[in-house]
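# Reading the structure
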Amino acid sequence: MNFLRNWISRSRNRSGQALIEFMFVAFILLFMLFGMIDFCRAISTRQVLINLSREAANLAARGTGSTADASMSNAITAVFDGSAPLNMATNGLVIITAVFNNNGAYVVTNQVIEGGLSNSVSKVAPNGLGSTPNMPATAVPIPQPNQTMFVSEVFYSYKPATPIGKLLNFNMTNALYDAAFF
């Protein structure tokens with residue numbers, strides 16, 4: 001009988017210990033799960049931005065309108081229509097810039113900007129029309145003399161979905177950006 005009482009009291013002590021161990025492990029697993037959810041959402045959002053910037057530059061370069069302004073506006077409208085999981089009207093910004101190669105002197109000839117972010121400035125043409133663009137070395141030979149190149153830039157303000165992401169405030173993924181040259 002003493003053996004049975006000792007066995008029952010030991011199992012009660014162990015069940016309390018197991019509960020505390022489970023709480024520690026569950027907290028760590030939930031922390032990792034929420035972190036993975038926010039990280040995967042950020043990667044997915046980044047991939048959508050890459051696709052949107054490429055599509056915008058491609059549509060602008062193909063000339064989907066009667067004028068350069070119309071082509072660029074139609075490209076931005078298509079980007080906004082195709083950004084289904086993202087809310088570009090409030091959390092995004094699309095800038096399409098036309099860069100003309102005037103025999104080796106690059107000049108910004110046109111720029112169309114739409115979106116809800118007001119604090120973002122074009123990284124390619126921060127000074128606007130008539131300025132010399134800041135283009136990466138890989139993009140410089142693309143527009144041949146007397147040709148126009150279209151650059152689309154897409155900005156998006158990423159918001160974490162889980163409490164862990166909001167608590168940690170992932171600063172590295174809050175402002176997402178991509179550019180495409182056509």
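Our subject in this report is the structure included herewith. (Residues numbered from 1 in each chain as written. Predicted model: local features only at pLDDT ≥ 70, side-chain atom pairs only at ≥ 80, totals over all residues. Heavy atoms only, no water.)

## Quick look at the packing of aromatic side chains
To be explicit about the condition: In this analysis, rings of Phe, Tyr and Trp, with Trp reduced to its six-membered ring, are considered paired at centre separations within 6.5 Å, and the interplanar angle assigns stacked below 30 degrees, edge-to-face beyond 60, and tilted for intermediate values. Helix numbers and strand numbers start at the N terminus; a helix is a DSSP run of H or I with at least 4 residues, a strand a run of E with at least 2. For the exposure calls, accessible area comes from a 1.4 Å probe over protein chains only, and a residue counts as buried if that area is under 20% of its type's maximum, exposed if over 50%, partly exposed in between. Whether a charge sits over a ring depends on NZ of Lys or CZ of Arg being within 6 Å of the ring centre and within 35 degrees of the ring normal.
Per the counting criterion, the structure on display carries one aromatic pair. Measuring from ring centre to ring centre gives 4.8 Å for Phe155 and Tyr177, while their planes differ by 45°; the resulting arrangement is tilted. Within this pair, whereas Phe155 is found in strand β3 (residues 148-157), its partner Tyr177 is found in strand β4 (residues 175-181), the two being separated by 22 residues in sequence. With relative accessibility at 7%, the residue Phe155 sits in the buried group. Taking the relative accessible area as the measure of exposure, Tyr177 reaches 22% and is therefore partly exposed. Note that Lys123 overlies the ring of Tyr177, its terminal NZ or CZ placed 4.2 Å from the centroid.

## Considering the side chain of Ser152
The following threshold applies: The contact criterion used throughout is that any non-hydrogen atoms of two residues lie within 4.5 Å.
Here Ser152 shows up in strand β3. With residues near it in sequence (within four places) discarded, Ser152 still touches Ser53, Arg54, Ala56, Ala57, Ile95, Ile96, Asp178, Ala179 and Ala180.

## Here we look at the nonpolar core
Convention followed: Only buried residues count toward a nonpolar core. Its members are Ala, Val, Leu, Ile, Met, Phe, Trp, Tyr and Cys residues joined through side-chain atoms within 4.5 Å.
Counting residues in hydrophobic clusters, the biggest one holds 22 residues, and the most contacted among them are Met72, Leu86, Met88, Val94 and Ile96. Every element with two or more residues in this core is listed here: α1 (2-62), α2 (68-81), β1 (92-102) and β3. At seven residues, α1 tops the list of elements feeding residues into this core. When near neighbours in sequence (up to four residues on either side) are disregarded, Met72 contacts Ala60, Ile96, Thr97, Ala98, Asn110, Gln111, Val112 and Phe150. With six residues, the next largest nonpolar core counts Tyr106, Val124, Met135 and Met149 among its residues.

## A few points about a nonpolar patch on the surface
Counted only if it meets this: The patch calculation keeps residues exceeding 30% relative accessible area without a salt bridge and links them within 9 Å when they carry like charges or within 5 Å when they are nonpolar (Val, Leu, Ile, Met, Phe, Trp, Tyr). In short, Shrake-Rupley with a 1.4 Å probe defines the accessible areas, and a residue's cover is counted only from the protein chains shown. Here, a salt bridge means any Lys or Arg side-chain nitrogen found within 4 Å of an Asp or Glu carboxyl oxygen.
There is a patch of nonpolar side chains on the surface, built from Ile20, Phe24, Val25, Phe27, Ile28, Leu29, Phe31 and Met32 and spanning about 850 Å² of accessible area. By the element assignment, Leu29 lies in helix α1. With relative accessibility at 52%, the residue Leu29 sits in the exposed group.

## So, the environment of Pro163
With respect to the helices and strands, the residue Pro163 is situated in helix α4 (residues 163-168). As for Pro163 and Phe34, which are separated by 129 residues in sequence, their C-alpha atoms are 7.6 Å apart.

## Considerations on the pairing of strand β2 (residues 105-115)
Stated formally: Pairs of strands are assigned from DSSP output, requiring at least two bridges between the strands.
When β1 meets β2, the two strands line up antiparallel, connected through 10 bridges. Along β2, the bridge assignment pairs Val99 with Val108.

## Considering the pattern of salt bridges
The tally for this structure, following the rule as stated, stands at three salt bridges. Residue Asp178 pairs with Arg46 through a salt bridge whose shortest N-O separation is 3.4 Å. On the criterion of sequence distance, the pair formed by Asp178 in strand β4 and Arg46 in helix α1 is long-range, its members being 132 residues apart. By relative accessible area, which is 32% here, Arg46 ends up partly exposed. The salt bridge partner of Glu55 is Arg62, with a shortest N-O separation of 4.0 Å.

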